[in-house]
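# Coordinates in review
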Amino acid sequence: MQTAGPLFSPDNACAAGLKPAVFLPTTRAEMDALGWDQCDVIIVTGDAYVDHPSFGMAIIGRVLEAQGFRVGIIAQPDWHSTRDFEALGQPRLFFGVTGGNMDSMVNRYTSERRVRSDDAYTPGGQGGKRPDRCVIVYSQRVREAYKSVPIVIGGIEASLRRIAHFDYWSEHVRRSVLVDAKADLLVFGNAERQIGAIAQRLHGGEAITDITDLRGTAFARRGIPADWVEIDSTELDAPGALAPPINPYAMEEERKQTLATAGVTPQTADAAAAVSTNVVKFYRKVPNAQREHSVIRLPSFEQVSADPVLYAHASRILHLEANPGNARALVQRHGSFDVWLNPPPIPLATADMDAVYELPYARRPHPSYGKAKIPAYHMIRFSVAIQRGCFGGCTFCSITEHEGRIIQSRSEDSIVREIETIRDTVSGFTGVISDLGGPTANMYRLRCKSPAIESACRRPSCVYPGVCPNLNTNHSPLISLYRRARALKGIKKILIASGVRYDLAIESPEYVKELATHHTGGYLKIAPEALGEGPLSKMMKPGVGAYYKFKELFDRFSKEAGKEQYLIPYFIAAHPGTRDQDMLELAVWLKKNGFRADQVQAFLPSPMATATAMWHSGKNPLKRVTRSSEEVIIPKGIKVRRLHKAFLRYHDPENWPILREALKRMGRADLIGNGQHHLIPAYQPVGTRAGGGLPRMGGVPRASLGGGGVPRTSGVPRPGARVGTAGIPFRTQHTGLPKSGTASKSKGPAAASAPKRRGR
């Protein structure tokens, strides 16, 4: 793996001695109070301004401040005019535009494309405070206000749209957001290295158009520099004939027109058709010495938007070129110019991670919000990030595409100092740290045993189809951290809310013991996501055997600790590769084991994810993509998506009519009846769908109301409640405190925060 210099050093400080602001200024008055006549950089964000290291704009702002730059924040501006974008004046160097901690479309719409009523990153949880595709809209307003100021876009919304991508909400392939936003540079990943280097080079007088060599950036250019070697992506992984299917009865002119639309000449189509597609070509066209001057040309935007097979091929190449140790630059034609993607940034060293997370954050929302509650802040205010990145490679997740698969860990000392800071300075702290984690709970300090192998590896996952023998799975550093953290004065409990990768955890029974004995508040949420091999193989998730091994360890250690604790599994409905039969088997398993899902997650095709390429193309980019390669089952229609969600909520009477119809169609009417061994009953309660009777009250069936008209919750089984077919009381996914006496017998408080479902 290549190395990079330290993030903070005298060599990259623009103005030594700049005093940190309590909050980065959001108004002219705040700038005046700091004695500033102008900001060097202004960050425009779709989130409320919370000066906390869990919020991207705060991290980037503080990193630039630590390097001597004056940084202002424009949070959730009114995008209908340029007024809010002019509030701080013109920055000296550039505008940085981000959608915030979430993609604005994922934030705004459900997986069924319904508008959400709330926004966890807005004061009061109010929805509608940011526009759709806000990176594009904000950039347009900035350009209207200040035509000559450079615009740098970043954050997860820009990061996952850095290339031509399938857009679930419009059902089309869209251009790189760099093009639509008309930005000068795009930074992908967490971007501390890139954004600091951009500011330093602009401060040094360099033009934004000359900054073309930074890792982790994308930009537009015309042509390939003379000293670069261009490699056609189809020579690395042959997708088969590059032409779209041709009507055999079409006239020659019609054939030429179809090929021209896809940007393919008849000669190329004929030559490609003559090549066997059964041989995968993964070889280097240039010597290793020239790899840093090699660029892979992907099929153009016009080609991938017209041909789903080429889209899947491009997605596969992009994911194969994701390791910072061996990735090459990528280029993709958009009309008359190219979008050029440099290789991913070098991961931060532990010292840099410590420095980033120990910058002088106020650790609270900006005072201008008054007493308004910002839900996302309240969820994370007592949590501590200990690592970044994920080598799991789950195809539906965005973490690897954004943060990378190399784990970047903080030092134990730095994490302890942050816990002490929370204890001593954060209002409302009661002694409970709500989470020590990151994208996953238990990848802290785990990475490849061999730096040489790590630099050369192209596997999309270190744990699928099994844990790689080259992976260090030693959980001892994490166990040591847990023990030291909970021994701190004033700390009553350390909870783990980040998702536990249980196939890794079973490699360290001591870790599972530590987790069950000290860090679980009655319920532990984990994510098998599916049970059937079909969907699991398309998710790159472990089989149910790993779940059972983990459950055996967890139950044993919970019992030894004198605690009654439960695993609460999460599953995804309608993921590529999922058949109706898979969901039926899952529903039967849920009932047998006494689970009732409160919250159901249907697959949402996020930009650039591998599973999204499956969704759009019907091909499997985990393997070589050809015209005749593996077809993937795609549960795409509204009816099938509703059915798959209904199987997960088999216990809801509203779903019984659609389930009865499906079970009869599938030849499983034997699962309809009123016995414990049946999945759903034969009767329909009055007041529910197809049941007639009482009307609804405020969207809640009257028959489901408890005393006083209050809707019943399904957290802990009520006295006399039904049990699963294995005699286990029904349990649910839980998002709050278990009722007293029903979960853990320990005196510590129960889990108080929902799991971090990052990347969904």
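Below: a short report on this structure.

Each value, and the rule that gives it
Here, residues in each chain are numbered from 1, in the same order as that chain's written sequence. This being a predicted model, a pLDDT of at least 70 is required before a residue's local features are given, and a value of 80 or more before pairs of side-chain atoms are given or counted; all residues contribute to the totals for chains, interfaces and linings. Hydrogens and water molecules were not included; the side-chain quantities draw on all heavy atoms of the structure. A run of DSSP states H or I qualifies as a helix once it reaches four residues; a run of E qualifies as a strand once it reaches two. Both are numbered from the N-terminal end. Working rule for contacts: check all heavy atoms of both residues, and any pair within 4.5 Å makes them a contact. Accessible surface is estimated by sampling points in the Shrake-Rupley manner with a 1.4 Å probe; for residues, cover comes only from the protein chains shown. Only buried Ala, Val, Leu, Ile, Met, Phe, Trp, Tyr and Cys residues count toward a nonpolar core, and they belong to the same one when joined by side-chain atoms within 4.5 Å. Buried residues are those whose accessible area, probed at 1.4 Å on protein chains only, stays under 20% of the maximum for their type, while exposed residues exceed 50% and partly exposed ones sit between those limits. Working definition: a ring pair exists when centres of Phe, Tyr or Trp rings (six-membered ring for Trp) sit within 6.5 Å. Plane angles under 30 degrees give stacked, over 60 give edge-to-face, the rest tilted. Whether two strands pair depends on DSSP finding at least two bridges between them. Axis definition: a line fit to C-alpha positions, over the contact stretch in the case of helices; interaxial angles, taken between N-to-C directions, run 0 to 180 degrees.

## Description of the overall build of the protein chain
- Each helix and strand in the protein chain was counted, giving 25 helices and 27 strands.
- Here the analysis covers contacts within the protein chain between residues at least 6 apart in sequence; of these, 75% occur between residues at least 24 apart.
- About 30,600 Å² of surface is accessible on the protein chain, with carbon and sulfur atoms providing 53% of the total.

## Observations concerning the nonpolar core
- Membership of the largest hydrophobic core comes to 114 residues, with the highest contact counts inside it found for Ile 198, Leu 436 and Phe 550.
- Excluding anything up to four places from it in sequence, Leu 436 contacts Val 384, Ile 386, Ile 415, Ile 419, Tyr 482, Ala 485, Ile 494, Leu 495 and Ile 496.
- Judged by nonpolar contacts, the second largest core, of 44 residues, contains Ala 158, Ile 231, Leu 236 and Leu 330.

## Topic: the packing of aromatic side chains
- For the structure on display, the rule yields 20 aromatic pairs.
- On the basis of an interplanar angle of 65° and a centroid distance of 5.4 Å, the ring pair of Phe 382 and Phe 429 is categorised as edge-to-face. In this pair, Phe 382 is assigned in the loop between helix 13 (375-380) and strand 15 (383-385) and Phe 429 in the loop between helix 15 (412-425) and strand 18 (432-433), connecting sequence segments 47 residues apart. Note on accessibility: Phe 382 and Phe 429 belong to one class, buried.
- Summarising the aromatic geometry, the rings of Phe 550 and Phe 554 are spaced 6.1 Å apart at their centres and angled 20° between planes, so their arrangement reads as stacked. Within this pair, Phe 550 and its partner Phe 554 are both found in helix 21 (residues 544-560), separated by four residues, close to a single helical turn. Each member of the pair Phe 550 and Phe 554 is classed as buried.

## Here's the deal with the sheet that holds strand 11 (residues 294-298)
- What the 10 strands build is an open sheet, ordered 3-1-4-5-8-9-13-12-11-10; its pairing is mixed. The outermost strands of the open sheet, each flanked by one partner alone, are strand 3 (71-75) and strand 10 (229-232). Each adjacent strand pair in this sheet contributes to an overall mean axis angle of 25°, direction not counted.
- Note: strand 4 (residues 94-98) against strand 5 (residues 151-154), four bridges, orientation parallel. Along strand 5, the bridge assignment pairs Phe 95 with Ile 151.
- Of the strands in this sheet, strand 1 (41-45), strand 4 and strand 5 touch helix 4 (residues 134-145), which is tilted by about 160° from strand 4.

Any functional reading would require information beyond the geometric quantities listed.
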